[in-house]
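# Chains, contacts and geometry: an overview
Now for the letters of each chain:
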Amino acid sequence: DHCPLDRLDAAQSSEAGLLLRRALDLRAALKLGVRIGLDEIRADEFQAVAVLEEEQETLDRERLDASRL
């Protein structure tokens, strides 16, 4: 229970972890130019990809702001 690798494995195998993995895979496929229709993506996967994109934009802005200092 206290091993960080066991906790990571458990988190990745959870429902949320598997959803995150699918969202990351979808995001990578889209960036590679794979065409995926909305009827092929579950609503929770679409929402997860949208959240990932928002977070990436926030991180990019923060990095840009930090580089200007």
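Residues numbered from 1 in each chain as written. Predicted model: local features only at pLDDT ≥ 70, side-chain atom pairs only at ≥ 80, totals over all residues. Heavy atoms only, no water.

## Remarks on the overall build of the protein
Definition in use: In DSSP terms, a helix is any run of H or I states spanning at least four residues, a strand is any run of E spanning at least two, and both are numbered starting from the N terminus. With the radius of gyration taken over C-alpha atoms, the globule rule is written as 2.2 Å times the number of residues to the power 0.38. Each residue gets one of three labels from its accessible area relative to the maximum for its type: buried under 20%, exposed over 50%, partly exposed in between, using a 1.4 Å probe on protein chains only. His is not counted, nor are the chain ends, whereas Lys and Arg count as positive and Asp and Glu as negative. One atom stands in for each charge, and that atom is NZ of Lys, CZ of Arg, CG of Asp or CD of Glu.
Helix and strand counts for the protein stand at three helices and zero strands. Ordered by position from the N terminus, the helices and strands of the protein form the series α-α-α. The C-alpha atoms of the protein give a radius of gyration of 15 Å, which is well past the 11 Å a tight globule of 69 residues would have. Along the three orthogonal principal directions, the C-alpha set of the protein runs to about 45 × 40 × 20 Å. Counting over 69 residues, the protein shows a buried share of 14%. The average position of the 10 basic charges and that of the 16 acidic charges among the side chains of the protein differ by 5 Å.

## Thoughts on the environment of Gly 17
Operational definition: The criterion used for residue contact is that any of the two residues' heavy atoms lie within 4.5 Å.
With respect to the helices and strands, the residue Gly 17 is situated in helix α2 (residues 15-31). For Gly 17, a relative accessible area of 15% corresponds to the buried category. Beyond its immediate sequence surroundings of up to four residues, Gly 17 is in contact with Ala 11 and Gln 12.

## Let's talk about the environment of Ala 16
Summarising the element assignment, Ala 16 is placed in helix α2. Through-space distance from the C-alpha of Ala 16 to that of Ala 48 is 9.9 Å; in sequence the pair is 32 residues apart.

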